[in-house]
Amino acid sequence: KQLLQRWRRSPASAGVESAVPRAHRRALVIDDRIPRSDRDAGSIAMLSHIQSLQRVGYEVVFAPSADFARSDHNTATLDAIGVTVYRAPYYGSIEEVLRRQAGEFDVVYLHRVANAAKYSELIRQHNPKARQIFSVADLHHVRFARQASVEDRPELLALSQRMRFLEYVAAVSADAVITHSALEAEALAKHVPKAKIHVVQWSTKTRPTLIPLAQRSGVAFIGGYGHTPNLDAARWLISEIMPAVRKRNPNIVCLLVGSDMPDQLRRLCNSGVVAIGYVEDLTEIFDRVRLTVAPLTYGAGIKGKVIESFSAGLPCVCTPIAAEGLDFPEALQACVAESAEGIAALICKLHDDARANEACSRAGLEYVETAFSNERLDE
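Description of the structure in this document. For clarity, every value in this text was computed on a predicted model and none was experimentally measured.

1. Things to note about helix H15 (residues 340-352)
Stage number 1. An ideal rise of 1.5 Å per residue puts 18 Å on 13 residues; H15 measures up with 18 Å between its terminal C-alpha atoms.
Stage number 2. Turning to H15, its buried residues are Ala340, Ile343, Ala344, Leu346, Ile347, Cys348, Leu350 and His351.
Stage number 3. Considering only its buried residues, H15 is in contact with strand E8 (219-222), helix H9 (228-248), strand E11 (291-294), strand E12 (316-318) and helix H16 (354-371).

2. Structural notes on H9
Residues that lie three or four places apart on an α-helix share one face, since the helix turns once every 3.6 residues.
Stage number 1. When the terminal C-alpha atoms of H9 are compared, their 29 Å separation across 21 residues agrees well with the 30 Å that a helix rising 1.5 Å per residue should span.
Stage number 2. Maximum bend of H9: about 45 degrees, positioned at Leu237.

3. Focus: the pattern of salt bridges
Stage number 1. Enumeration according to the criterion identifies 13 salt bridges in this entry.
Stage number 2. The shortest N-O distance in the salt bridge between Arg124 and Asp175 comes to 3.3 Å. Linking Arg124 in helix H5 (residues 113-126) with Asp175 in the loop between helix H7 (155-173) and strand E6 (176-179), this pair joins segments that are 51 residues apart in sequence.
Stage number 3. With relative accessibility at 26%, the residue Arg124 sits in the partly exposed group.
Stage number 4. Exposure remark for Asp175: the relative accessible area of 22% places this residue in the partly exposed category.
Stage number 5. Between Arg153 and Glu155 there is a salt bridge, with its nearest N and O atoms 2.8 Å apart.
Stage number 6. The exposure class of Glu155 is partly exposed, given its relative accessible area of 46%.
Stage number 7. A single network of salt bridges, built from pairs that share partners, joins Arg26, Glu59 and Glu104.

Here is what the cut-offs are and how they apply
Residues numbered from 1 in each chain as written. Predicted model: local features only at pLDDT ≥ 70, side-chain atom pairs only at ≥ 80, totals over all residues. Heavy atoms only, no water. Helix = DSSP H or I, 4+ residues; strand = E, 2+ residues; numbered from the N terminus. Expected span 1.5 Å × (residues − 1). Buried < 20%, exposed > 50% of the residue type's maximum accessible area, 1.4 Å probe, protein only. Contact = heavy atoms within 4.5 Å. Bend = angle between axes of the 7 residues up to and from the residue. Salt bridge = Lys/Arg side-chain N within 4 Å of Asp/Glu carboxyl O.

Keep in mind these values describe shape, not function.
Structure representation (structure tokens):
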């Protein structure tokens, strides 16, 4: 019966009727793309939540809403943790998954507002008993409004208003809303008082670098450059922050690390900034540098690049936007600065002062172990 049940739930058996009772609760997770542990903070958060669902008793299946028809998706990360991916050629769309798997799910987890807006009503139709979770990722309307202000682009305000409407409707339509940020939870509760909103972050393991500080040098900025806040931050880093750093210490070099780096950004790099691009394992970067920097001027939600740095035992110099939503202890609050000169001064201090670097490193590791543990996530 167990073998038949597993076969019945596999993509190859979709649409085949069976009277075999289900042994577990089932959760369908829908996101834009298949998450990969080597790609971005959104993927890391998604994988963390999937594994938490498994630990609390759910069999999890996944469906990617973007490029659904592709049959060459890299599913290795999900395969490794026992998650079935519904995709081509077994299914042609999310709609087909919901129709052919009608009544099969106890929970449907919708990541990002676009997926919540598109599929909420269909889920109610085909899986009326399933609880819907809308996972915000970050409030897009806040990010677009901030971008409009920073870049003086009033046309983005209209987009921000449209996204705000969609996010509020998705929040009130869901059975539960997940956001990573306490600040975003407060904003949603204020404008959507009927929504059931929960602050749920993700979990990550601390993996402090084993390379002594004296054998490391420089600073790194880590981010996916297809995400406009990261691209804006990298430009500011190159044009203003690193020149100010180099005036204080001409030996400090910044590594630009991350996927989707455009050629235009590579051409902007100078003697103080080295374009690295995509790196499969960030450990090799954390083993090279003394700290990281997150000079974001706009954005929303919690920034994974900050948490990754702390989990590696590296200080991260942040802008207030990059630190937003994170309840930093006092030792980490000292790593926040707003101006290019202020950020540059902190980079030089944490690079050259071993005692300050060690104190921040220790505080960051303790913070991650407490706030981003499996136990806290599962609870």
